[in-house]
Amino acid sequence: MSEHRVGIDALLEQVREGLDRVGPREAFDAAASGALLVDIRYAALRDRDGLIPGALVVERNELEWRLDPQGSHRAPEATSHDLHIVVICNEGYASSLAAASLKQLGLHRATDLVGGFQAWRTEGLPVRVPRATA
């Protein structure tokens, strides 16, 4: 049996073809219109850089379980397969793979933020700064 192998760069390009990716301002406007922003960055990055106000924080390894509207471990926000979801990682790479996975679950409006949290912050959009640790 012949194995089909694809590198991560090719896989990323492939999954992005199926996403209607958004920039920071588009994501901000989408959230104002009811889209769910989902921050999948790990805790150290959130602690270091802050949070997007109103974004749902879901660790990447829990994402599908928390956002599947039919799942037994779903977040209260996961109300429908029609929910507009914008996945946000640190720089916009892992979020593309995560959004593609959500689309496989039938969340057909899932997409991700080009450039991730760093692009959001660079654009000067709202960020809740982490509290200094004592």
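Basis of the calculations
Residues numbered from 1 in each chain as written. Predicted model: local features only at pLDDT ≥ 70, side-chain atom pairs only at ≥ 80, totals over all residues. Heavy atoms only, no water. Axes fitted to C-alpha atoms, helices over the stretch in contact; angles between N-to-C directions. Helix = DSSP H or I, 4+ residues; strand = E, 2+ residues; numbered from the N terminus. Parallel < 35°, antiparallel > 145°, perpendicular 65-115°, else oblique. Left-handed = near helix turned anticlockwise from the far one by under 90°. Contact = heavy atoms within 4.5 Å. Nonpolar A, V, L, I, M, F, W, Y, C, P; charged D, E, K, R; others polar. Buried < 20%, exposed > 50% of the residue type's maximum accessible area, 1.4 Å probe, protein only. Arc of directions from axis to C-beta. Phe/Tyr/Trp six-rings, centres within 6.5 Å; stacked < 30°, edge-to-face > 60°. Lys NZ or Arg CZ within 6 Å of the ring centre and 35° of its normal. Salt bridge = Lys/Arg side-chain N within 4 Å of Asp/Glu carboxyl O.

Novice: Got a minute to help me understand the packing of helix α1 (residues 8-16) against helix α5 (residues 94-104) in this structure?
Specialist: The description of two helices packed together rests on the angle between their axes and the distance between the axes. Between α1 and α5, whose axes approach to 9 Å, the crossing angle comes to 55°. With respect to α5, the axis of α1 lies oblique. The handedness of the crossing between α1 and α5 comes out as left-handed. For the pair α1 and α5, contact is made by I8, L11, L12, V15 and R16 and by S96, L97 and A100, respectively. By residue class, the composition of the contact of α1 with α5 is six nonpolar, one polar and one charged.

Novice: Help me understand helix α2 (residues 24-32) in this model?
Specialist: One turn of an α-helix holds 3.6 residues; hence residues three or four places apart share an orientation. Regarding α2, the residues found buried are P24, A27 and A30. On an axial view of α2, the arc spanned by its buried residues comes to 120°, and they lie on one face. Where α2 is buried, its residues meet β1 (36-39), β3 (85-88) and α6 (116-122). G34 sits one or two positions beyond α2 and adopts a positive phi of about 110°.

Novice: Can you help me understand the environment of L102 in this one?
Specialist: Along the chain, L102 turns up in helix α5. Residues L102 and V87 lie 15 residues apart in sequence; the distance between their C-alpha atoms is 9.5 Å.

Novice: I would appreciate a short explanation of the packing of aromatic side chains in the present structure.
Specialist: To describe a pair of aromatic rings, you give the distance between the ring centres and the angle between the ring planes. Taken as a whole, this structure holds one aromatic pair when the rule is applied. An angle of 55° between the planes, with centres 6.1 Å apart, marks the rings of F28 and W120 as tilted. One end of the pair, F28, is in helix α2; the other, W120, is in helix α6, and 92 residues separate them in sequence. Here the guanidinium or amino end of R41 rests over the ring plane of F117, the centre of that ring lying 3.8 Å away.

Novice: Explain the pattern of salt bridges here, please?
Specialist: Evaluation of the coordinates by the stated rule reveals seven salt bridges. Residue R25 pairs with E123 through a salt bridge whose shortest N-O separation is 3.2 Å. Of this pair, R25 sits in helix α2 while E123 sits in the segment after α6, and the two are 98 residues apart along the sequence. The exposure class of E123 is partly exposed, given its relative accessible area of 37%. Between D49 and R121 there is a salt bridge whose closest N-O contact spans 3.3 Å. Of the two residues, D49 sits in helix α3 (residues 43-49) while R121 sits in helix α6, which places them 72 residues apart along the sequence. Judged by relative accessible area, which is 7%, D49 ranks as buried. Each of R48, D49 and R121 takes part in one network of salt bridges that share partners.

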